[in-house]
Amino acid sequence: MMQLEEALGYRFRNRDLLQRALTHPSMGKKDNQRLEFLGDAVLQYLMSDKLFREYPEDREGSLTHLRALLVCEAALSQVARGLGVGEALIMDKGEALTGGREKPSVLCDAMEAILAAVYLDGGMEAARGVMDRCWPGPEDVQRPTQDSKGALQELLQRGGGEPPEYRITGQSGPAHAPRFQATVYRGGEALATGEGHTKKHAEQEAALRALEKLGGPV
C-alpha cells in the first residue's frame, strides 16, 4: 500500500480506508462498493468544477462531453493502471486467476473507491489534489472504441453510406490557448460544427453535434 500512496502523492492517516477501497467484492461484505458509490459523486463534482474553471468559453454540451470522457470506465481504468492499483487489489484467488486485476470494470470501481477514501481521510482538497496529479487530459484519454466519432461513422456507413470527413474550419484565441473549430461533412454536405481546445476535441464535438442532429446514439 505504501507504493500506491507514493503513486497517489497522498499519505493516509487512516490506512483502513485505503485497505477497504482496495477490497474486491469477492472478499465478502467488507468490500469497496460503498466507497465506490461515494467516489463516483466526489469525482463528478471535482471534475465538473475543474472543467468549469479551465474552459470558461465552453458551453454546457461541450463541458458535459468532456466530463463524460474523463470519468468514464476507460479513463478510470487508465488512471488505475498507471498507479498500479491492480497489483494492490485484495481479491480471492478465483477472481485473480480469471484476470480480475486487469478488468477495466474492476479497476474503475477501485479507482472511485480510492478517491472516496482520500476524501474521507483528508477532505475534498486532498481528493482534488489526487485527481489533478493522476488524471490525464481529455486528449490523453485512451478512448473506448465507441466514442462520438466512431459512433457517427458507424451511423453514416450503415447500408454502405460514405464515412464522415472532418475539416478544421477556424481557429481563435492566443497561441498558448488556442480554440479550434471543426466541421464534419457527409458527401460534401456540412452536418455540424464543434469547437475545442485541441483539433481532436473540436472534431469530437462536431461528431457529437451531428449525432444529436441525426438522432444517433450520443
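About the criteria used
Residues numbered from 1 in each chain as written. Predicted model: local features only at pLDDT ≥ 70, side-chain atom pairs only at ≥ 80, totals over all residues. Heavy atoms only, no water. Salt bridge = Lys/Arg side-chain N within 4 Å of Asp/Glu carboxyl O. Helix = DSSP H or I, 4+ residues; strand = E, 2+ residues; numbered from the N terminus. Buried < 20%, exposed > 50% of the residue type's maximum accessible area, 1.4 Å probe, protein only. Pairing = 2+ DSSP bridges. Axes fitted to C-alpha atoms, helices over the stretch in contact; angles between N-to-C directions. Parallel < 35°, antiparallel > 145°, perpendicular 65-115°, else oblique. Contact = heavy atoms within 4.5 Å. Nonpolar A, V, L, I, M, F, W, Y, C, P; charged D, E, K, R; others polar. Disulfide = S-S within 2.5 Å. Left-handed = near helix turned anticlockwise from the far one by under 90°. Expected span 1.5 Å × (residues − 1). Core = buried A, V, L, I, M, F, W, Y, C linked by side-chain atoms within 4.5 Å. Lys, Arg positive; Asp, Glu negative; His and termini not counted. Polar contact = N/O pair within 3.5 Å; in protein donor to acceptor, adjacent residues only side chain to side chain.

Participant: Is there a simple way to think about the pattern of salt bridges in this case?
Facilitator: A side chain with one charge can pair with a side chain of the opposite charge if their charged atoms come near. If you walk through the whole model with that rule in mind, you get 14 salt bridges. The salt bridge partner of E203 is K149, with a shortest N-O separation of 2.7 Å. Of this pair, E203 sits in helix α11 (residues 199–214) while K149 is found in helix α10 (residues 148–157), placing the two residues 54 residues apart along the sequence. Overall, the relative accessible area of 25% leaves K149 in the partly exposed class.

Participant: When you look at the sheet that holds strand β1 (residues 165–172) in this model, what are you seeing that I'm missing?
Facilitator: Sheets are built from strands paired through backbone hydrogen bonds, the pairs being either parallel or antiparallel. The three strands are arranged β1-β2-β3 in an open sheet whose pairing can be described as antiparallel. Only two strands of the sheet have a single partner each, and these edge strands are β1 and β3 (189–196). Pairwise comparison of adjacent strand axes, ignoring direction, gives a mean angle of 25° for this sheet. Here β1 pairs with strand β2 (residues 179–186) via seven bridges, running antiparallel. Looking at β2, one finds that E165 is bridged to Y185.

Participant: Would you explain the packing of helix α3 (residues 33–54) against helix α8 (residues 104–122) in this entry?
Facilitator: Helix-helix packing: each pair is described by the crossing angle between the helix axes and the interaxial distance. Viewed as axis vectors pointing N to C, α3 and α8 meet at an angle of 80°, and their least axial separation amounts to 7 Å. One way to sum up the angle between α3 and α8 is to call them roughly perpendicular. Between α3, through L35, E36, L38, G39, D40, V42 and L43, and α8, the contact on the second element is made entirely by D109, E112, A113, L115, A116, A117, Y119 and L120. Among the residues making up the contact of α3 with α8, the classes are represented as ten nonpolar, one polar and four charged.

Participant: Could you clarify how one ought to interpret the state of the cysteines in this entry?
Facilitator: This model, assessed by the stated rule, comprises zero disulfides. Take C72: it sits in no disulfide, and the sulfur closest to it among the cysteines is that of C108, at 8.1 Å. Of the cysteine sulfurs around C134, a residue in no disulfide, the closest is that of C108, at 15 Å. The exposure class assigned to C134 is buried, which follows from its relative accessible area of 16%.

Participant: How should the packing of α8 against helix α9 (residues 124–134) be read in this particular structure?
Facilitator: Running from amino to carboxyl end, α8 crosses α9 at an angle of 145°, the nearest separation of the two axes being 6 Å. The crossing of α8 and α9 is right-handed. Where α8 abuts α9, its residues L115, V118, Y119 and G122 lie against M124, A126, A127 and V130. Classifying every residue of the contact of α8 with α9 by side-chain character gives seven nonpolar, one polar and no charged.

Participant: Before we go on, may I ask you to explain helix α4 (residues 60–71) in this structure?
Facilitator: Three- or four-residue spacings in an α-helix give side chains the same orientation, since the helix completes a turn every 3.6 residues. Between the first and last C-alpha of α4 there are 16 Å, a value that for twelve residues agrees with the 16 Å anticipated at 1.5 Å per step. For α4, the set of buried residues is S62, L63, H65, L66, L69, L70 and V71. If you follow the buried residues of α4, they end up packed against α3, α5 (73–83), α10, β3 and α11.

Participant: Would you explain the nonpolar core in this entry?
Facilitator: One recurring pattern in soluble globular proteins is that nonpolar side chains are buried together. Among the nonpolar cores identified, the biggest contains 48 residues, and L8, V85, M111, I114 and W135 are the most heavily contacted of them. Among the elements that take part in this core, α8 stands out by supplying eleven residues, more than any other. The contacts of W135, once residues within four sequence positions are left out, are L43, M47, L70, L76, V79, M111 and V130. The next biggest cluster of nonpolar side chains, apart from the first, holds twelve residues, and it includes A151, V184, L191 and A210.

Participant: Quick question: what am I supposed to make of the side chain of E112 here?
Facilitator: With respect to the secondary-structure elements, E112 resides in helix α8. The side chain of E112 is buried and forms no salt bridge, while R67, the nearest opposite charge, is found at 11 Å. Once residues within four sequence positions are removed from consideration, E112 is found in contact with L35, E36, G39, D40 and L76.

Participant: Explanation requested: the side chain of T198 in the structure shown.
Facilitator: Relative to the elements of secondary structure, T198 occurs in the loop between β3 and α11. A distance of 3.0 Å separates the side chain of T198 from the backbone nitrogen of H201, its partner in a polar contact. Those residues in contact with T198 that sit more than four places away from it in its chain are E139 and F180.

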